[in-house]
Amino acid sequence: MNQKSQTTEEALVAGMKHLITVMPFEKITVKEIADAANVKRPTFYNHFKDKYDVVEYILKQELIEPARTLVSCDMLEEATRLMLVTMKKEKEFYIRVAKIGEDRIFHRIVRQLLKDLLLDVMRERMVDDDNGNPMLTMDNIAEYYAYCITFGISKWIQKGMRMDVEEVLEAFKVLLSRSLLDLIYRRSGEQNLTNIAEK
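These numbers were taken from a predicted model, which means no experiment stands behind them.

Reading the values: the criteria
- Residues numbered from 1 in each chain as written.
- Predicted model: local features only at pLDDT ≥ 70, side-chain atom pairs only at ≥ 80, totals over all residues.
- Heavy atoms only, no water.
- 1 Å grid on protein atoms, 1.4 Å probe; cavity = no way out; pocket = protein on both sides within 12 Å on 5 of 7 lines; lining within 4 Å.
- Points joined across faces, edges and corners; volume = space filled by probe spheres on them.
- Helix = DSSP H or I, 4+ residues; strand = E, 2+ residues; numbered from the N terminus.
- Nonpolar A, V, L, I, M, F, W, Y, C, P; charged D, E, K, R; others polar.
- Salt bridge = Lys/Arg side-chain N within 4 Å of Asp/Glu carboxyl O.
- Buried < 20%, exposed > 50% of the residue type's maximum accessible area, 1.4 Å probe, protein only.

Asks: Lay out empty space enclosed by the protein in plain terms, naming residues and giving numbers.
Replies: Throughout the structure, instances matching the rule amount to one cavity of 30 Å³ or more. In this structure, the largest cavity encloses a volume near 40 Å³. Within the residue set of the lining of the largest cavity, elements represented by two or more residues are helix H4 (51-72), helix H5 (76-89) and helix H7 (105-125). When residues in the lining of the largest cavity are grouped by element, the largest group, four residues, is from H5. For the lining of the largest cavity, the per-class residue count stands at nine nonpolar, one polar and no charged.

Rendered as C-alpha cells:
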C-alpha cells in the first residue's frame, strides 16, 4: 500500500470512529464517512466494501494485530491485557460498536478474528491435527477459546467497562484454567471430591 493510499485509509477510519461516537451507526452513510475524511464517495470503495468493512478493519488493526506477536510468544494474558487497555482508552467508541446491530456484529467479528489468530499460532506450533478425538481439532479448540474470550470482553463492555482491567484478566484466568466442577465447589465452599481422592 502506498503512502497516499494509507493516508486516505487512515482518514476514512478516523472519520468513521468520530461518526460512531456522535450518531447511531444505523444512520451513518458511506457519503458521511467520505465527507468526514474529506474524500469523494467513490474513493471510499477503493478501500472498503461498506461501513461494516470499516468496523472490521478497525477491530483487526487496533485489537487483533497488536496482540499477534504476544500470542505467538505464549503471552496470551499480556495480549488480552493489551486489547482491554486499548478498548478502555477509547471507551465511548467501543461501547457504541458493541451495540451495533441485533446480530451482535462486534461479538461476531472479534470472535472470528481471534479464532483466525489462534489458528495461525496453533498451525505454526502444532505438528498435526490428528489427536484421535474429532472434537479436539485445532479449529474447534481455536473457536472455543475465541468464543470464551469474546464473551468475557462483551460482558465487560456491556457493564460499561467499570471493572478494572486486572480484575477482568483474573476472571479470564479462572474461567479458562478451571473446570466447571472446580468453580462450583469454590462457590459452595465444598472441597472438590476429585482433589480429595487424589490426596
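So, next bit.
Asks: Please set out the layout of surface pockets residue by residue, giving values where relevant.
Replies: By volume, the largest pocket is sized at about 330 Å³. As for the largest pocket, its lining consists of 15 residues, of which Phe151, Gly152, Ala171, Phe172 and Leu175 are closest to the centre. Elements with a minimum of two residues in the lining of the largest pocket: helix H8 (138-158) and helix H9 (165-177). The element that contributes the greatest number of residues to the lining of the largest pocket is H8, accounting for eight residues. Here the lining of the largest pocket is composed, by residue class, of 12 nonpolar, one polar and two charged. What lines the second largest pocket is simply Val71, Asp74, Leu76, Leu118, Val121, Met122, Ile141, Ala142, Tyr145 and Leu176. Listing elements by their share of the lining of the second largest pocket, those giving two or more residues are H7 and H8. Grouping the constituent residues of the lining of the second largest pocket by class yields nine nonpolar, no polar and one charged.

Asks: Explain the pattern of salt bridges residue by residue, including any values.
Replies: All told, the structure shown has 13 salt bridges when counted by the stated rule. Between glutamate 62 and lysine 17 there is a salt bridge whose closest N-O contact spans 2.4 Å. Here the residue glutamate 62 occupies a position in helix H4, and lysine 17 occupies one in helix H1 (residues 3-22), the gap between them amounting to 45 residues. Here lysine 17 falls in the buried class, since its relative accessible area comes to 13%. It is possible to trace a salt-bridge network through shared partners that takes in Glu77, Arg81, Glu166, Glu170 and Lys173.

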